[in-house]
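In case you want the letters, here they are:
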Amino acid sequence: MQADILDALRRGANEDALSLARAATATHPEDPQAHRALAMALRASGDGEAALASIDRAIALAPDDADLHFHRAGYLLHGSQFDAAQAALSQTLQLDPNQFGAYVMQAQMALMRGDLDEAERLARLAARVSPVHPWTRLLQGSIALERDDADTALALLSQAMQDAPDDAQVRYALGFAYLKKGHLAFAEQAFRSVLEKMPEARGLRALLAELLRRQGRPAEAADELAPLLDRDDATPGLQRFAGELELTAGRHERALPPLRRALAAQADDVRTLEALYEALRRNGDRDLARNVFDAALATSPQAAVLWQARLAVEDAADPLALDVAARWLAQMPDALPALEANMALLGMRRDAEGAEAMAQRIVALVPGHRQAQMRIVDRLLARDPDAGLARIQSLLAQAADPDAQRELRTWLGHAQLRCGLHEAAVATWIGLQAEAASRSLPLPEPTAPDPVLPSIVEPTADAPAVAFLAGAPGSGAERVATLLAGALPAFRDDRFTPRGAPDDLLQNFMLPAQLASGELDPAAVAADWREHLPARGVANGEVIDWLLWWDNALLPMLRTRLSHARVLIALRDPRDMLVDWIAFGAPLLLRVESPLQMAQWLARHLEHVAVLHERSPVMYALLKLDEIHGDPAAVAATLGAALNVNLPPPPADIFGAPHFAAGYWREFAGVLAEPFAALTPIARRLGYPDA
């Protein structure tokens, strides 16, 4: 009858096996093997507790049977009773020192504990009993894997699989060895073969999904997880992972259900909120987004990140945004993010009184809060400049953090300006820039502005659209870049990010001089630039590249190798540029000593712009931002005309805090007379009045 029971179990006919086993124990109640068979049938049917009781009955009938103790250890392990399982295995080996399976199981338990030395000792004992058994190599390979010896692990586990091609444990370990070596496709194949034998292994299915994601197959990865998502035991993390995969695969509609389930379980999970917000954004139904987040807030009104997501649904300039922020503050009156949001939105709506009231509440909670203090200082400066200046000086005396001190000194310069102390303001700002010398780049020396130009080479009809943006400090080029970054995927500003900057020749400070001297060939520079585009995420050659600065030494390269490219130069009155540079700095941190040195360098640099404008040797556009540099819509219109594209309407606050208006340089005529005199000739040449 036992053969019939085992046959039923092999066929998966667990109920038949259980019926036969019960009959066997009823017929032969003193037969330990009948109780062992009943235990196997009970375990297969999911009744672990009864299975353990049955194997205990078998051991009571045959206490010296090592196999029964070994089976009992397996049942205890299945129930996570590790200490009891260890005791059962020890009893097994006392009764039969050659019980190979007991050594294997003990070694596996040692591996689970992270005790590699003990696992290795037990693996050696197992090898004495059966040196070429697949599980001996399984143990040895698993230990090698834990010791980060992937090559040895792969060799041992590959041999084990040849000897036992249908063993799921061997294939499972082999999959991890492939994974350790980075052989993702082979790891996937190994884990799939295990999943075929163990279709209910949910963790393995999630592992397969991660492997597919790492191979760039997000849609297949999401499909792999789909069968798990409707189960009651699907965790929020699993739901979120599935939603993220659907997003990566471009299937935002399919991402919404699992992400909403994940949010319902964990309303304050930032990663879930970010993914859900993106799915809703792509969906484009703002009312749906409002409903989703409002429903979540109804049950989790104290989740600040949920309020932030709800607020992000609204346009900042829309009154609805302020309504949401007010609801948030009503729920969480002392929450700093809620106060900050209300202060910012009130400030955007020109409610200076309301914004100041929020700022006062913030500094009561966080006395050193920079934005709130600046808001209060701004109001003080408007009412009583001397009081505003005194407040900044008081804050500066209390500040210990170097970053806070630098920011306060920047405010100090603007406060001094409000009080009519122009010379003191310039001294404050120049002092800040001089202190940054160790972190600054040397001023790049311009080449001769009027190089000999080769004949222009006509571009091919299929040449991709290319543009280069440049602008000296104070020109407003960074504002043009801000608009492009939000509107055109082809735009690249990576030259201004030290860790992500391209390693091409155009990034080299010495390039203009090397081109002018003939040390570098224009064709080689153009080829090098093209070769680096794919690494910058430019697949089709279409790009708008923001250069660190402009030099006419680039013109021969453009005329012969990139004649289809358009050059965009941001420009303002050079004297306004100098004042802006002194007060607000520049995207590229350059080493400066004095306003006169800055003006002299700026004049030499702008000579190149004047020559470009006078000779028109390549396609170019001067983006004169004097009257519009604070108006995003006007800058977008000018930029769109230069590029012959329609740019979307930009947010009204995209440029941040305002800079000085056009012509403000005249306020500094006395303080900066000599630097302005150095700039007047080039200003005149570019079409600006002398005074």
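Above this note sits the structure.
Residues numbered from 1 in each chain as written. Predicted model: local features only at pLDDT ≥ 70, side-chain atom pairs only at ≥ 80, totals over all residues. Heavy atoms only, no water.

Student: Explain the overall build of the chain to me, please; I cannot follow it from the model alone.
Tutor: Broken down by element type, the chain carries 34 helices and five strands. Taking all 691 residues of the chain together, the buried fraction comes to 48%. Sequence-distant contacts, at least 24 apart, represent 61% of the contacts inside the chain between residues at least 6 apart. Here the chain has roughly 32400 Å² of accessible surface; of this, 52% comes from carbon and sulfur atoms. (Helix = DSSP H or I, 4+ residues; strand = E, 2+ residues; numbered from the N terminus. Buried < 20%, exposed > 50% of the residue type's maximum accessible area, 1.4 Å probe, protein only. Contact = heavy atoms within 4.5 Å. Areas by Shrake-Rupley, 256 points an atom, 1.4 Å probe, with all protein chains shown as cover.)

Student: Quick question: what am I supposed to make of the packing of aromatic side chains here?
Tutor: The way to describe two aromatic rings as a pair is by their centre distance and the angle between their planes. Using the criterion set out here, one finds twelve aromatic pairs in the structure. Seen from their ring centres, Phe468 and Trp529 are 5.4 Å apart, and the 50 degrees between their planes marks the pair as tilted. Here Phe468, found in strand β1 (residues 466–470), pairs with Trp529, found in helix α29 (residues 522–532); they are 61 residues apart in sequence, far enough to count as distant. Judged by its relative accessible area of 2%, Trp529 is buried. Ring plane angle 65 degrees and centroid distance 5.8 Å describe the contact between Trp581 and Trp601, whose orientation is recorded as edge-to-face. (Phe/Tyr/Trp six-rings, centres within 6.5 Å; stacked < 30°, edge-to-face > 60°.)

Student: Help me out: how do you make sense of empty space enclosed by the protein in this one?
Tutor: Remark: the empty space left among the atoms is shown by a probe the size of a water molecule rolled over them. The final tally for this structure, using the stated rule, is three cavities of 30 Å³ or more. Its boundaries defined by the atoms lining it, the largest cavity holds a volume of some 130 Å³. Around the largest cavity, the lining comprises 16 residues; the ones closest to its centre are Gly471, Ala472, Pro473, Leu548 and Leu588. In terms of residue class, the lining of the largest cavity is made up of 14 nonpolar, one polar and one charged. Taken as a whole, the second largest cavity holds about 90 Å³ of empty space. (1 Å grid on protein atoms, 1.4 Å probe; cavity = no way out; pocket = protein on both sides within 12 Å on 5 of 7 lines; lining within 4 Å. Points joined across faces, edges and corners; volume = space filled by probe spheres on them. Nonpolar A, V, L, I, M, F, W, Y, C, P; charged D, E, K, R; others polar.)

Student: Just to check I follow, could you spell out the pairing of strand β4 (residues 566–571) for this structure?
Tutor: Residues in a regular strand point their side chains to alternate faces of the sheet. Counting buried positions along β4 gives five out of six residues, so the element sits mostly inside the fold. Of the strand pairs in this sheet, β1 and β4 are connected by four bridges, and their pairing is parallel. Within β4, the residue paired with Leu469 across the bridge is Leu568. Bridging between β4 and strand β5 (residues 619–624) involves six bridges; their strand directions are parallel. Residue Leu568 lies in a different strand from β5, and its bridge partner there is Ala621. (Pairing = 2+ DSSP bridges.)

Student: Please explain helix α15 (residues 236–248) as it appears in this structure.
Tutor: One turn of an α-helix holds 3.6 residues; hence residues three or four places apart share an orientation. Look at α15: 18 Å from first C-alpha to last across 13 residues, which is about the 18 Å you get at 1.5 Å a residue. For α15, a buried count of ten out of 13 residues is recorded, marking the element as mostly surrounded by other parts of the structure. Among the residues making up α15, those that are buried are Leu238, Gln239, Arg240, Phe241, Ala242, Gly243, Glu244, Leu245, Glu246 and Leu247. At the exit of α15 stands Gly250, carrying a positive phi of roughly 80 degrees. (Expected span 1.5 Å × (residues − 1).)

Student: Help me understand the environment of Gly420 in this model?
Tutor: Residue placement: Gly420 occurs in the loop between α25 (402–418) and α26 (422–435). Judged by its relative accessible area of 44%, Gly420 falls in the partly exposed class. Each C-alpha atom of the pair Gly420 and Glu667 lies 9.5 Å from the other, and the pair is 247 residues apart in sequence.

Student: It is not clear to me how the nonpolar core should be interpreted in this structure. Could you clarify?
Tutor: Most often, soluble globular proteins have nonpolar side chains that are buried together. Core analysis: the largest hydrophobic core is formed by 89 residues, its most contacted members being Phe468, Leu469, Trp550, Leu558 and Leu639. Per-element tally for this core: the top contributor is helix α32 (residues 595–615), with nine residues. Not counting residues up to four positions away in its chain, the partners in contact with Trp550 are Ala470, Leu555, Leu558, Val567, Ile569, His605, His608 and Leu612. With 43 residues, the next largest nonpolar core counts Ala279, Leu322, Ala325 and Leu345 among its residues. (Core = buried A, V, L, I, M, F, W, Y, C linked by side-chain atoms within 4.5 Å.)

Student: When you look at unusual backbone geometry in this model, what are you seeing that I'm missing?
Tutor: Among all residues save glycine, negative phi is the norm, and among peptide bonds the norm is trans. A positive phi angle is found at Arg350, which is not glycine, with a value near 60 degrees. Tracing the backbone through its elements, the reader meets Arg350 in the loop between α21 (336–348) and α22 (352–365). Given the relative accessible area of 72%, Arg350 is considered exposed. We note that Asn644 has phi near 60 degrees; this positive angle belongs to a residue other than glycine. Summarising the element assignment, Asn644 is placed in the loop between α33 (632–643) and α34 (673–685). Note on Asn644: relative accessible area 71%, which makes it exposed.

Student: What should I look at first to understand the sheet that holds β5 in this one?
Tutor: One open sheet holds the five strands; their spatial order is β2-β3-β1-β4-β5, and the pairing between them is parallel. Looking at the sheet topology across the chains shown, the edges are occupied by β2 (491–492) and β5. Both β1 and strand β3 (residues 543–546) contribute to a ladder of four bridges, which runs parallel. Opposite Val466, over in β3, you have Val543 as the bridge partner.

Student: Hey, could you run me through the pattern of salt bridges in this one?
Tutor: Applying the stated rule across the entire model yields 35 salt bridges. Between Arg205 and Glu224 there is a salt bridge, with its nearest N and O atoms 2.9 Å apart. Here the residue Arg205 occupies a position in helix α13 (residues 202–214), and Glu224 occupies one in helix α14 (residues 218–225), the gap between them amounting to 19 residues. The network of salt bridges with shared partners includes Glu188, Arg192, Arg205, Arg217, Glu220 and Glu224. (Salt bridge = Lys/Arg side-chain N within 4 Å of Asp/Glu carboxyl O.)

Student: Explanation requested: the packing of helix α19 (residues 304–312) against helix α20 (residues 319–331) in the structure shown.
Tutor: When two helices pack together, you describe them by how their axes are tilted relative to each other and by the distance separating the axes. At their nearest, the axes of α19 and α20 sit 9 Å apart, and the two run at 170 degrees to each other. When the interaxial angle is binned, α19 and α20 end up roughly antiparallel. In this structure, the crossing between α19 and α20 has a hand that is right-handed. Residue-level contacts link Ala304, Trp307, Gln308, Arg310 and Leu311 of α19 to Ala321, Val324, Ala325, Arg327, Trp328 and Gln331 of α20. Residues belonging to the contact of α19 with α20 are distributed by class as follows: seven nonpolar, two polar and two charged. (Axes fitted to C-alpha atoms, helices over the stretch in contact; angles between N-to-C directions. Parallel < 35°, antiparallel > 145°, perpendicular 65-115°, else oblique. Left-handed = near helix turned anticlockwise from the far one by under 90°.)

Student: Before we go on, may I ask you to explain helix α24 (residues 385–398) in this structure?
Tutor: When the terminal C-alpha atoms of α24 are compared, their 20 Å separation across 14 residues agrees well with the 20 Å that a helix rising 1.5 Å per residue should span. In this structure, the buried side of α24 is in contact with α23 (370–383) and α25.

Student: Sorry if this is basic, but what is going on with the packing of helix α16 (residues 252–265) against helix α18 (residues 286–299) here?
Tutor: Taken N-terminus to C-terminus, the directions of α16 and α18 make an angle of 25 degrees; their axes are 10 Å apart at the nearest point. Here α16 is positioned roughly parallel relative to α18, judged by the angle of their axes. Crossing handedness for the pair α16 and α18: right-handed. Every residue of α18 that contacts α16 at Leu256, Arg260 and Leu263 is listed here: Leu288, Val292, Phe293 and Ala296. Within the contact of α16 with α18, the residues separate by chemical class into six nonpolar, no polar and one charged.

Student: Before we go on, may I ask you to explain the side chain of Arg572 in this structure?
Tutor: Mapped onto the fold, Arg572 is located in the loop between β4 and α31 (574–584). A relative accessible area of 2% means that Arg572 is categorised as buried. Within polar-contact distance, the side chain of Arg572 engages the backbone oxygen of Gly474 at 3.4 Å. With sequence-adjacent residues up to four places away left out, Arg572 is seen in contact with Gly474, Ser475, Met577, Asp580, Leu625, Asp626, His629, Phe660, Ala661 and Tyr688. (Polar contact = N/O pair within 3.5 Å; in protein donor to acceptor, adjacent residues only side chain to side chain.)

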